Amino acid sequence: MNLWIKNGHLLDPANQRDEICDLYIKDGKVARIGSLSSDTDVKECEKNGEVIDATGKYVMPGFLDLHVHLREPGFEYKETIESGTRAAAKGGFTGVCPMPNTKPPTDCPERVKKVLEIASRDSRIHVYPVGAVTIGQMGEEVADIEGMVKAGAKAISEDGKSVMNARIYHRAMEEAARLGIPVMAHCEDKNMVGKGAMNAGEKARELGIEGITNAVEDVIVARDILLAKETKARLHLCHCSTKDSVDMIQYAKENGVDVSGEVCPHHFSLTQDDIPGDDANYKMNPPLRASTDVERLCRGLSDGTMEAISTDHAPHSEEEKNQSIAKAPFGIVGSETAYALTVTNLVKKGYLTPMQLVERMSTNPHRILGVPGGNLSVGMPADITIADMDTSYTIDKHTFVSKGKNTPFHGMKVYGRVFYTLVAGEIVYQYEE
Ligand code: DOR
Ligand code: ZN
Ligand code: ZN
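Let us look at the structure shown here. (Residues numbered from 1 in each chain as written. Chains lettered and ligands numbered in written order. Predicted model: local features only at pLDDT ≥ 70, side-chain atom pairs only at ≥ 80, totals over all residues. Heavy atoms only, no water.)

Our focus in this paragraph is the overall build of the chain. Helix and strand counts for the chain come out as 14 helices and 21 strands. A compact globule built from 433 residues would reach a C-alpha radius of gyration of about 22 Å, and the chain, at 21 Å, matches this within 12%. Expressed along its principal axes, the backbone C-alpha trace of the chain runs to roughly 65 × 45 × 45 Å. Buried positions account for 61% of the 433 residues belonging to the chain. Across the chain, the fraction of contacts at a sequence separation of at least 24, relative to all contacts at a separation of at least 6, is 74%. Looking at charge distribution, the chain has the averaged site of its 49 positive side-chain charges lying 1 Å from that of its 63 negative ones. (Helix = DSSP H or I, 4+ residues; strand = E, 2+ residues; numbered from the N terminus. Rg over C-alpha atoms; globule rule 2.2 N^0.38 Å. Buried < 20%, exposed > 50% of the residue type's maximum accessible area, 1.4 Å probe, protein only. Contact = heavy atoms within 4.5 Å. Lys, Arg positive; Asp, Glu negative; His and termini not counted. Charge placed at Lys NZ, Arg CZ, Asp CG, Glu CD.)

This is how it looks when you write it as structure tokens:
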């Protein structure tokens with residue numbers, strides 16, 4: 001199918017395009033960009049009804065979520081590759097990186113292949129598997145990283161925890177550096193965290209819940225930066241939540257370490273003071289922090305120290321999340337709210353321009369992962385997100401297509417709606433009232 005995307009506001013940082021124009025999509029690729037209404041191919045599209053009127057909407061390279069949990073295999077009651085990628089498409093994502101903490105974990109070439117096999121059957125967006133760092137995510141033996149990369153893994157991560165043995169992590173980083181893939185680090189000192197379930201502070205004391213201090217994250221961020229410096233690995237720091245994480249990333253970059261950092265919408269949208277009581281929909285790892293941390297995360301995203309926005313989409317069942325904060329599992333869903341939260345809390349508040357939003361959600365994530373996409377140059381696959389930044393509505397978890405309804409954002413008024421998500425010129429999501 002060919003397609004005329006008509007009169008949209010193209011935002012493409014890679015090509016420095018920020019203008020109203022048309023796109024002509026032919027055979028799944030961007031074929032022409034400009035003022036095309038008199039173009040004969042476009043006239044043909046019009047005749048065939050192959051037109052998207054993007055008037056008043058932004059046309060952007062498709063978003064890539066560097067950090068999701070799709071739960072398959074092993075926890076299909078929480079999410080599947082089918083439901084999770086459908087939720088991502090609804091959120092404007094044309095690609096996702098599923099973390100390996102499934103059951104069994106994605107820790108060998110066969111399991112990477114299995115994820116890709118299910119994805120090729122059940123997903124309409126790109127799925128870029130992330131392999132585990134160690135066998136069984138047990139932290140003891142480095143996994144077959146080369147085999148997993150050959151099978152299609154695009155990165156490694158021990159997400160859900162840190163590799164506490166620095167000697168083992170060092171070895172894995174050397175291997176990742178040799179293979180040219182990023183290491184995505186979940187930074188949490190296992191010995192320090194204890195039974196902590198929310199940020200250490202006034203709120204945790206008030207609720208009588210054990211706290212997680214900033215240093216739980218910061219000591220591992222520091223360690224991992226030093227390991228990356230020594231091994232020359234490309235280090236991507238997941239879900240950064242503290243002010244010192246941002247400062248250390250800035251310092252590391254200034255000193256030539258190949259490091260990038262992501263921030264999740266919940267960490268720049270909420271502080272610990274927004275937790276209304278013992279409600280596990282506010283429980284995630286790392287936890288909601290203090291306002292000084294949130295302010296630094298927003299400024300870090302603004303000045304480019306923090307290059308990516310990713311969701312850490314972590315679906316759980318209602319039963320699991322109906323427990324107390326102390327007992328419930330960590331994690332909230334994020335695929336279907338990320339764009340609107342970014343528009344509402346970063347663009348509308350002046351931290352990001354619309355172009356910078358595209359950099360943080362598309363251009364940079366694609367570059368960090370080293371996969372095609374993130375720009376709409378002529379000849380590129382037409383992976384496209386069409387959305388606005390002005391429609392206002394109230395987030396309603398009952399409309400989520402994810403199996404997970406565990407969100408603290410239910411009932412929040414936001415700006416920005418995704419209208420279309422396209423992969424290789426095919427409409428994989430379309431908003432319907
Ligand atoms: O909140 C989180 N949920 N943080 C993690 O590190 C893991 C994730 C999950 O798998 O549920
Ligand atoms: Zn994590
Ligand atoms: Zn995660």
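Following the structure, the description resumes.
In this section: the sheet that holds strand β11 (residues 182–185). Taken together, six strands build an open sheet; the order of strands is β9-β10-β11-β14-β15-β16 and the sheet is parallel. Across the chains shown, the open sheet's two edge strands, defined by having one partner strand only, are β9 (130–131) and β16 (308–309). Sheet contacts for helix α8 (residues 214–231): β11 and β14 (234–237); angle to β14, the most-contacted strand, approximately 165°. (Pairing = 2+ DSSP bridges. Axes fitted to C-alpha atoms, helices over the stretch in contact; angles between N-to-C directions.)

Bound to the zinc ion (ligand 2) on the protein side are Asp159 (OD), His186 (ND1) and His239 (NE2), at distances that span 1.9 to 2.1 Å. Relative to the metal, the four donor atoms surrounding the zinc ion (ligand 2) lie at angles of 82 to 124°, and the coordination shape comes out irregular. Taken as a pair, the zinc ion (ligand 2) and the zinc ion (ligand 3) show a spacing of 3.4 Å, with Asp159 coordinating each metal. A residue pair is termed long-range when its members are at least 10 positions apart, and Asp159 in the loop between β10 (155–157) and α5 (166–179) and His239 in the loop between β14 and α9 (243–254) qualify at 80 residues. The pair Asp159 / His239 is uniform in exposure class, with both members buried. (Donors = N, O, S within 2.8 Å, 3.2 Å for Na, K, Ca; no water. Tetrahedral: all angles 85-135°; square planar, octahedral: opposite > 155°, others 65-115°.)

Along the chain, Asn375 falls in the loop between α14 (354–369) and β17 (384–387). Here the side chain of Asn375 touches Ser377 through a polar contact of 2.8 Å, side chain to side chain. Residue contacts for Asn375: discarding those within four places in its chain leaves Asp12, Ala14, Asn15, Pro61 and Met380. (Polar contact = N/O pair within 3.5 Å; in protein donor to acceptor, adjacent residues only side chain to side chain.)

Right, let's get into the side chain of Thr134. Structurally, Thr134 can be placed in the loop between β9 and α4 (145–151). From its side chain, Thr134 meets the backbone nitrogen of Met138 in a polar contact 3.2 Å long.

This brings us to the site of ligand 1. In the vicinity of ligand 1 lie 13 residues, with Arg71, Asn101, His186, Asn285 and Gly331 positioned nearest. Note that an oxygen atom of ligand 1 is positioned 3.5 Å from one of the side-chain N or O atoms of His69. Asn101 places a polar side-chain atom, nitrogen or oxygen, 2.9 Å from an oxygen atom of ligand 1. Starting from 290 Å² of accessible surface for ligand 1 in isolation, the protein chains cover 93%. Partitioned by chemical class, the residues of the shell around ligand 1 number three nonpolar, seven polar and three charged. (Near = heavy atom within 4 Å. Areas by Shrake-Rupley, 256 points an atom, 1.4 Å probe, with all protein chains shown as cover. Nonpolar A, V, L, I, M, F, W, Y, C, P; charged D, E, K, R; others polar.)

This model, assessed by the stated rule, comprises three aromatic pairs. On the numbers, 6.1 Å between centres and 70° between planes, the contact of Phe63 with Phe93 is edge-to-face. In this pair, Phe63 is assigned in strand β6 (residues 63–68) and Phe93 in strand β7 (residues 93–98), connecting sequence segments 30 residues apart. We classify Phe93 as buried; its relative accessible area is 1%. Note on Phe419 and Tyr431: the rings are 5.8 Å apart at their centroids and 90° apart in plane angle, and the pair reads as edge-to-face. Pair noted here: Phe419 is in strand β20 (residues 418–423) and Tyr431 is in the segment after β21 (426–430), with a separation of 12 residues, a long-range link. According to the relative accessible area criterion, Phe419 is buried, its value standing at 15%. Three or more aromatic residues joined by ring pairs make a cluster, and in this case those are Phe63, Phe93 and Tyr339. (Phe/Tyr/Trp six-rings, centres within 6.5 Å; stacked < 30°, edge-to-face > 60°.)

Ideal values differ by geometry: the angle at a metal is 109.5 degrees with four tetrahedral donors, but 90 or 180 degrees with six octahedral donors. Ligation of the zinc ion (ligand 3) by protein atoms is provided by His67 (NE2), His69 (NE2), Asp159 (OD) and Asp312 (OD), these donors lying 2.0 to 2.2 Å from the ion. Viewed at the metal, the four donor atoms of the zinc ion (ligand 3) are separated by angles of 86 to 174°, and the geometry they form is irregular. For the zinc ion (ligand 3), all donor residues lie on one chain, and their spacing in sequence is H-x1-H-x89-D-x152-D. Assessed through its relative accessible area of 0%, His67 is described here as buried.

So, on to the pattern of salt bridges. Evaluated as defined, the whole model comprises 22 salt bridges. Between Glu146 and Arg178 there is a salt bridge; the shortest N-O distance is 2.9 Å. Highlighted residues: Glu146 in helix α4 and Arg178 in helix α5, separated in sequence by 32 residues. By relative accessible area, Glu146 is classed as partly exposed at 27%. (Salt bridge = Lys/Arg side-chain N within 4 Å of Asp/Glu carboxyl O.)

Read these as spatial facts, not as claims about activity.
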